[in-house]
Amino acid sequence: MAPAGCLLPPSSSLPPLSTLQKLTEEQILSALQGLSALYCPLPASVAFKLSPENNSLEHLAPPPLVDSGYTSGVEDDSQDVENVEQSLDALRADGFERNFVERWLTGFMARAYDVPGLSSEDARDRALDQASWVLESFVANTADDDELDDEHTHFTREFSFNLSVPGSQEEVPVQVQLNDGLAGKNSTDCDDVGLQSWGASIVLSDLMCAEPSRFGLTQPSLGTSPRIIELGAGTGLVSLVLGAMLPHLGTTTSDVIATDYHPAVLENLRTNIAANFPSNGPVAMHTSLLDWSAPVLDSPLDLPADMLIATDVVYAPEHAIWLRDCATRLLSPDGVFWLLVTVRQNGKFEGISDTVEAAFATTDRPRGKDGRLLTILDSEKLEKRSRVGRGDESGYRLFRVGWA
Ligand SMILES: C[S@@+](CC[C@H](N)C(=O)[O-])C[C@H]1O[C@@H](n2cnc3c(N)ncnc32)[C@H](O)[C@@H]1O
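Residues numbered from 1 in each chain as written. Predicted model: local features only at pLDDT ≥ 70, side-chain atom pairs only at ≥ 80, totals over all residues. Heavy atoms only, no water.

1. A look at the site of the ligand
Threshold: Near residues are defined by distance, with any heavy atom within 4 Å of the molecule or strand qualifying the residue. Polar contacts here mean pairs of N or O atoms no more than 3.5 Å apart (in protein, one a potential hydrogen donor and the other a potential acceptor; neighbouring residues in sequence count only if both atoms are side-chain atoms). Computed by Shrake-Rupley with a 1.4 Å probe, the accessible areas treat only the displayed protein chains as cover when residues are assessed. Any residue that is not Ala, Val, Leu, Ile, Met, Phe, Trp, Tyr, Cys, Pro, Asp, Glu, Lys or Arg is counted as polar, Gly included; the first ten are nonpolar and the last four charged.
Taken together, 19 residues are adjacent to the ligand, and Trp-198, Gly-232, Asp-260, Asp-291 and Thr-311 come closest. At 2.8 Å, a backbone N or O of Trp-198 approaches an oxygen atom of the ligand. Thr-311 is positioned with one of its side-chain polar atoms (N or O) 2.7 Å from an oxygen atom of the ligand. For the ligand, the accessible surface in isolation is 590 Å², of which the surrounding protein chains cover 98%. When grouped by side-chain class, the residues that make up the shell around the ligand number eight nonpolar, eight polar and three charged.

Structure, rendered in structure tokens:
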């Protein structure tokens, strides 16, 4: 075994993501446990209790089958705990390695549902929990760590779409940069699903840019001062893309209001808007608290929306009904509600996407001010795209909802 000073870094010991399909459950869990042992070590108080005969860090993690390097390369009788800790500290502080692990874990999580070695739900859950744990530790640790630069305090993601400008041959790049992660800086709340951009938001952003007319994002249907509200905006990808598109679509002033109900998500939304729209421009970008289950329509939600938009917001049986009732209060008489629902065929979300049609078909649904009912005018199935969204997403359904 190599001495502790030669511990193999994750970038040279983790199995390439392309080989995940061939790894056994044990090998995958072992690689993840190696990462936990490195980045989420037991408290020093526990480590110092190690007796001379068991002072190897192998005791902090199971023996790796896929050699994760940083746990196996320790010579019991030549290294004391202090030396090992120093080497591990150096490895932990290595920004390149951390970045590499961040990307590896994100990639792993996106593929976890398609990996044969993790076909049992229990193994998959354990693997995903372990991966999230390590990623969350990065977010939590970096907040206190002066030595790490800004790049590491966030999961910054950049998106770029090609906007086909209606009525011209022109294509304009629409670029958005986001804080995108698995948990908030100060939060371990598993409700923080809004701190990551989901496949549906990426698919819808791409479709809107590729064919704005399909969504009525053209003149004259848009008008010169449209008002667009996003429900359950999460990181705000769709709102940010709309904000970047609108000036190219013949609007003079517009309002885009990204809403959510979760405080950490709203804080992150504000950060993302400030990063992408640092100064006042033709599009006024707002964030607002809006809980579909108990909507309070104070400013800026006190005026009707020409367009409502929402992606991946139906993942509990009551969501579709809440969203319908909210939309009934928010949508202008000529407005349209675009709802992109993620279809998940396995696990606890199975069948939830079907609740949308039921919610908009029931005869006792609330009426708008002029007595009309919100109704699904069109729906379309969209295929899952390769390398977009999580492995449990099997496709999407795009609903055009309006008054009838
Ligand atoms: C799966 S995420 C989707 C986020 C974003 N639309 C996307 O596609 O990336 C669901 C979002 O709905 C929000 N949400 C859940 N329940 C809500 C409620 N009752 N009112 C408002 N927002 C809610 C969550 O905070 C989260 O941001």
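And the narrative resumes.
2. Describing the pattern of salt bridges
Here is the rule: One side-chain nitrogen of Lys or Arg within 4 Å of one carboxyl oxygen of Asp or Glu is enough to make a salt bridge. In this text, helices come from DSSP runs of H or I with a minimum length of four residues, and strands from runs of E with a minimum of two, each type numbered from the N-terminal end. A simple rule labels every residue: compare its accessible area, found with a 1.4 Å probe on the protein chains alone, to the largest value its type can have, and call it buried under 20%, exposed over 50%, or partly exposed in between.
Overall, the coordinates contain 12 salt bridges when judged by the stated rule. Across the salt bridge formed by Arg-126 and Glu-25, the nearest N and O atoms sit 3.5 Å from each other. Taken together, the residues Arg-126 in helix 6 (residues 121–144) and Glu-25 in helix 2 (residues 25–39) connect sequence positions 101 residues apart. Given a relative accessible area of 30%, Glu-25 falls into the partly exposed group. For Glu-380, the salt bridge identified is with Arg-214, shortest N-O distance 2.7 Å. Taken together, the residues span a long stretch of sequence, with Glu-380 in strand 8 (residues 374–383) and Arg-214 in the loop between helix 7 (199–210) and strand 3 (227–230) at a distance of 166 residues. Here the salt bridges do not stand alone but share partners, grouping Asp-312, Arg-344, Asp-392 and Glu-393 into one network.

3. Regarding the packing of helix 2 against helix 5 (residues 95–111)
Selection rule: Angles run from 0 to 180 degrees between N-to-C directions of axes, and those axes are lines fitted to C-alpha atoms, restricted for helices to the stretch in contact. Left-handed describes a crossing whose near helix is turned anticlockwise from the far helix by less than a right angle; the clockwise case is right-handed. Here, residues are in contact when the closest pair of their heavy atoms is within 4.5 Å.
Contact geometry for helix 2 and helix 5: axes closest at 13 Å, N-to-C directions at 145°. Here the hand of the crossing between helix 2 and helix 5 comes out left-handed. Residues Ile-28, Leu-32, Leu-35 and Tyr-39 of helix 2 pack against Glu-97, Arg-98, Val-101, Trp-104, Leu-105 and Phe-108 of helix 5. By residue class, the composition of the contact of helix 2 with helix 5 is eight nonpolar, no polar and two charged.

4. Let's talk about helix 7
The condition is simple: Every helix has an expected span of 1.5 Å times one less than the residues it contains.
Over its 12 residues, helix 7 extends 17 Å from the first C-alpha to the last, a length consistent with the 16 Å expected when each residue adds 1.5 Å. For helix 7, the buried fraction is high: 10 of the 12 residues fall into the buried class. Every buried residue belonging to helix 7 is among Gly-199, Ala-200, Ser-201, Ile-202, Val-203, Leu-204, Ser-205, Leu-207, Met-208 and Cys-209, and all of these are buried.

5. Points about the environment of Leu-178
Within the secondary structure, Leu-178 is located in strand 2 (residues 171–179). By relative accessible area, Leu-178 is classed as buried at 1%. Taking the C-alpha atoms as reference points, Leu-178 and Glu-158, separated by 20 residues in sequence, lie 6.3 Å from one another. Once residues lying within four places of it in the same chain are set aside, the contact partners of Leu-178 are Phe-155, Thr-156, Arg-157, Phe-159, Ser-197, Thr-235, Leu-237, Leu-240 and Asn-272.

6. Some remarks on the packing of aromatic side chains
For the record, the criterion: Stacked, edge-to-face and tilted labels apply to pairs of Phe, Tyr and Trp rings (six-membered ring for Trp) whose centres lie within 6.5 Å, assigned for plane angles under 30 degrees, over 60, and everything in between, in that order. Geometrically, a lysine NZ or arginine CZ counts as sitting over a ring once it is within 6 Å of the ring centre and also within 35 degrees of the ring normal.
A full pass over the atoms with the stated rule returns four aromatic pairs. Considering the side-chain rings of Trp-104 and Phe-108, the 5.7 Å spacing of their centres and the 5° angle between planes classify their relative orientation as stacked. With Trp-104 and Phe-108 both in helix 5 and four residues apart, the pair spans about one turn of that helix. A single burial state applies to Trp-104 and to Phe-108, both of which are buried. Ring geometry for Tyr-315 versus Phe-349: centroids 6.4 Å apart, planes at 80°, classification edge-to-face. One end of the pair, Tyr-315, is in the loop between strand 6 (305–311) and helix 10 (319–330); the other, Phe-349, is in the loop between strand 7 (331–344) and helix 11 (355–359), and 34 residues separate them in sequence. Using a relative accessible area of 28% as the deciding quantity, one classes Tyr-315 as partly exposed. Sitting above the plane of the Phe-349 ring, Arg-344 keeps its charged end 5.4 Å from the centroid.

7. Some words on the confidence of the model for the chain
Selection criterion: The predictor attaches a confidence to each residue, and that confidence, scored 0 to 100, is pLDDT.
Per-residue confidence for the chain gives a mean pLDDT of 82, with 81% of residues at or over 70. pLDDT under 50 marks residues 43–77. Its contacts with residues more than four places away, or in other chains, come to 65 contacts. Ignoring residues within four places in sequence, the model shows residues 143–153, a span with pLDDT below 50, making eight contacts including any to other chains.

8. A short note on the side chain of Thr-218
Inspection of the secondary structure puts Thr-218 in the loop between helix 7 and strand 3. Judged by its relative accessible area of 15%, Thr-218 is buried. If we ignore the near neighbours within four places in the chain, the residues touching Thr-218 are Pro-166, Pro-212 and Ser-213.

9. What to know about the packing of helix 7 against helix 8 (residues 237–245)
Test applied: For classification purposes, an angle smaller than 35 degrees is called roughly parallel, one larger than 145 roughly antiparallel, one from 65 to 115 roughly perpendicular, and anything else oblique.
Direction vectors running N to C along helix 7 and helix 8 enclose 15°, while the axes themselves pass 9 Å from each other. Viewed along their axes, helix 7 and helix 8 adopt a mutual orientation that is roughly parallel. Two packed elements cross with a definite hand, and for helix 7 against helix 8 that hand is right-handed. For the pair formed by helix 7 and helix 8, the contact residues are Ser-201, Ile-202, Leu-204, Ser-205, Met-208 and Cys-209 on the first element and Leu-237, Val-238, Val-241, Leu-242 and Met-245 on the second. Residues of the contact of helix 7 with helix 8, tallied by class, amount to nine nonpolar, two polar and no charged.

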